[in-house]
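Observations on the model geometry
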Amino acid sequence: MLDSKTIEIIKSTIPALKNCGEDITKVFYRELFTRYPQVQSMFDMEKQKNGKQPKALAAAVLNAAMNIDNLENIRKSVEKIGKIHVELNVTKEHYPLVGECLLIAIKEVLQDAATDEIMEAWEKAYGEIAEFYINIEEKLYKQN
Ligand code: HEM
């Protein structure tokens with residue numbers, strides 16, 4: 001569970017991040033595929049081109065952030081996404097890579113507005129979100 005100050009900071013940054021959703025997504029995938037080319041083959045590059053699917057990942061992170069004080073609210077939707085992840089062999093080792101690139105994207109897009117305090121809050125929040133996904137996906141792997 002995150003402290004109330006962190007939760008407050010996250011909630012205050014969501015509107016700005018939502019407004020820049022497309023920019024964040026672009027920077028995010030650029031960084032992910034440049035730094036970690038080994039994960040690129042997991043993604044459907046046709047979907048990258050039409051732009052619809054790629055938005056889903058960043059949007060889902062933002063949705064999770066909106067519910068950061070009660071991730072149970074989004075369990076159902078995370079179970080659906082988790083099924084897709086498990087089919088694609090997403091593992092817990094992948095989560096830090098996505099987190100790193102997401103934080104870089106947030107910083108690059110918000111620039112000076114993304115203070116150290118905001119970046120630290122996002123690092124913590126992503127950790128919670130990732131843990132929530134990983135737990136659900138580990139259960140799904142065990143069921144298979
Ligand atoms: C908290 C972190 C993450 C969130 C919120 C998230 C969210 C999503 C969402 C919403 C989708 C679309 C599902 C649909 O089609 O309905 C998706 C698909 C996908 N995710 Fe994740 N994801 C996360 C982490 C990861 C990680 C760590 C990886 C591995 C590198 C990954 C790889 C993929 C892939 C390969 C797809 C399929 C998209 C495609 O075919 O292009 N995701 N994810």
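In this text the structure is predicted, and so the values were computed from the model without any measurement.

In this structure the iron atom of the ligand is ligated by exactly one protein donor, His 85 (NE2), at 2.0 Å. With respect to the helices, strands and loops of the structure, His 85 is situated in helix α5 (residues 75-87).

Next up on the list: the pattern of salt bridges. This structure, assessed with the given rule, holds eight salt bridges. A salt bridge links Asp 69 to Lys 11; the nearest nitrogen and oxygen atoms lie 2.9 Å apart. Of this pair, Asp 69 sits in the loop between α4 (52-66) and α5 while Lys 11 sits in helix α1 (residues 4-19), and the two are 58 residues apart along the sequence. As a salt-bridge pair, Glu 108 and Arg 30 come within 2.8 Å of each other at their nearest N and O atoms. Linking Glu 108 in helix α6 (residues 95-110) with Arg 30 in helix α2 (residues 21-35), this pair joins segments that are 78 residues apart in sequence. Of the residues examined, Glu 108 reaches a relative accessible area of 36% and is grouped as partly exposed. Assessed through its relative accessible area of 41%, Arg 30 is described here as partly exposed.

Our next topic: the state of the cysteines. Within the structure shown, the criterion is met by zero disulfides. The closest cysteine sulfur to the non-disulfide-bonded Cys 20 is located on Cys 101, 18 Å from its own sulfur. A relative accessible area of 0% means that Cys 101 is categorised as buried.

Viewed as axis vectors pointing N to C, α6 and helix α7 (residues 116-143) meet at an angle of 150°, and their least axial separation amounts to 10 Å. Comparing their axes, α7 and α6 come out roughly antiparallel. Considering only the axes of α6 and α7, their crossing is right-handed. Along the contact surface, α6 presents Tyr 95, Val 98, Gly 99, Leu 102, Leu 103, Ile 106 and Lys 107, while α7 presents Met 119, Trp 122, Glu 123, Tyr 126, Ala 130, Tyr 133, Ile 134 and Glu 137. Residue composition of the contact of α6 with α7, grouped by class: eleven nonpolar, one polar and three charged.

Parameters and conventions
- Within every chain, residues take consecutive numbers counted from 1 along the sequence as written.
- This being a predicted model, a pLDDT of at least 70 is required before a residue's local features are given, and a value of 80 or more before pairs of side-chain atoms are given or counted; all residues contribute to the totals for chains, interfaces and linings.
- Computation of side-chain values: all heavy atoms of the structure, hydrogens and water removed.
- Water is absent from the atoms considered, so a metal site may look incomplete; donors are defined as N, O and S atoms within 2.8 Å of the metal, or 3.2 Å for Na, K and Ca.
- Helix and strand definitions follow DSSP, with helices as H or I runs of at least four residues and strands as E runs of at least two, each counted in order from the N terminus.
- Each salt bridge in this description consists of a side-chain nitrogen of Lys or Arg and a carboxyl oxygen of Asp or Glu lying within 4 Å of one another.
- Throughout this description, buried means an accessible area under 20% of the type-specific maximum (1.4 Å probe, protein chains only), exposed means over 50%, and partly exposed covers the range between.
- Any two cysteine sulfur atoms within 2.5 Å of one another count as a disulfide.
- In this analysis, axes come from line fits to C-alpha atoms, helices being fitted only over the stretch in contact, and the angle between any two N-to-C directions falls in the range 0 to 180 degrees.
- We call two directions roughly parallel when the angle between them is under 35 degrees, roughly antiparallel when it is over 145, roughly perpendicular when it lies between 65 and 115, and oblique otherwise.
- In this scheme, a crossing is called left-handed if the near helix is turned counterclockwise away from the far one by less than a right angle; it is called right-handed if the turn is clockwise.
- Residue contacts are defined here by distance: any two heavy atoms, one from each residue, within 4.5 Å place the two residues in contact.
- Polar here means any residue outside two lists: the nonpolar Ala, Val, Leu, Ile, Met, Phe, Trp, Tyr, Cys and Pro, and the charged Asp, Glu, Lys and Arg; Gly therefore counts as polar.

Keep in mind these numbers describe shape, not what the thing actually does.
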